[in-house]
Amino acid sequence: MHRFLFCVVILLLGNFWSYAQHKVAVTVYGVQSNAGNVCFAVYKTADNFLKDDSVYISGKEKASMGKVDFSINNLPEGKYAIAIFHDENNNEKLDTNLLGIPKEKVAFSNAKMRTFGPPKFDDCAFSVNSYTEIRIEIN
């Protein structure tokens, strides 16, 4: 009987730990002014990457010339990618020209804009299984 209870407790703890929530500390370098906000979107899959209706978590932080620090809390273990833009005019959207090229500065976790478009999810992806620090350079 004691072995049975011990096994049940171990299984329950294993399930509890598999659903542990983690913190990602993000530092965005290269912010060019104090105007507006630095907006971020977190994505979980390649199929949904950069689709507005498929953002897992989003938010914004007041822009600060040089760098902006923020945390994304309560992320379950997994693979994620972050997209960022500096919304200087504070209209809460990424402004683009007629060809769809961003007019505002953009950046991604672990990757940069390509010559002909944004990077892919796998280029930007990082794993979360504990406290994680991400450094993003905005161009």
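What counts, and where the lines are drawn
- Residues numbered from 1 in each chain as written.
- Predicted model: local features only at pLDDT ≥ 70, side-chain atom pairs only at ≥ 80, totals over all residues.
- Heavy atoms only, no water.
- Helix = DSSP H or I, 4+ residues; strand = E, 2+ residues; numbered from the N terminus.
- Buried < 20%, exposed > 50% of the residue type's maximum accessible area, 1.4 Å probe, protein only.
- Areas by Shrake-Rupley, 256 points an atom, 1.4 Å probe, with all protein chains shown as cover.
- Salt bridge = Lys/Arg side-chain N within 4 Å of Asp/Glu carboxyl O.
- Pairing = 2+ DSSP bridges.
- Axes fitted to C-alpha atoms, helices over the stretch in contact; angles between N-to-C directions.

### Concerning the overall build of the protein chain
Assigned secondary structure in the protein chain consists of two helices and eight strands. The secondary structure elements of the protein chain, listed N-terminal to C-terminal, are α-β-β-β-β-β-β-α-β-β. Looking at the protein chain as a whole, 35% of its 139 residues are labelled buried. In the structure as shown, the protein chain presents an accessible area of about 9000 Å², 54% of it carried by carbon and sulfur atoms.

### Overview of the pattern of salt bridges
By the definition in use, this model includes five salt bridges. Put simply, lysine 67 and aspartate 69 hold a salt bridge, and the shortest N to O gap is 3.5 Å. With relative accessibility at 42%, the residue aspartate 69 sits in the partly exposed group. When the shortest N-O distance is used, the salt bridge between aspartate 122 and lysine 79 registers 3.3 Å.

### Description of the sheet that holds strand β8 (residues 132-137)
What the three strands build is an open sheet, ordered β4-β1-β8; its pairing is mixed. Whereas interior strands pair on both sides, the edge strands pair on one side only; in this sheet they are β4 (66-76) and β8. Each strand of the sheet is rotated relative to its neighbour by a mean of 20°, with strand direction disregarded. Across nine bridges, strand β1 (residues 21-31) lies against β4 in antiparallel orientation. Bridge pairing in β4 links alanine 25 to serine 71.

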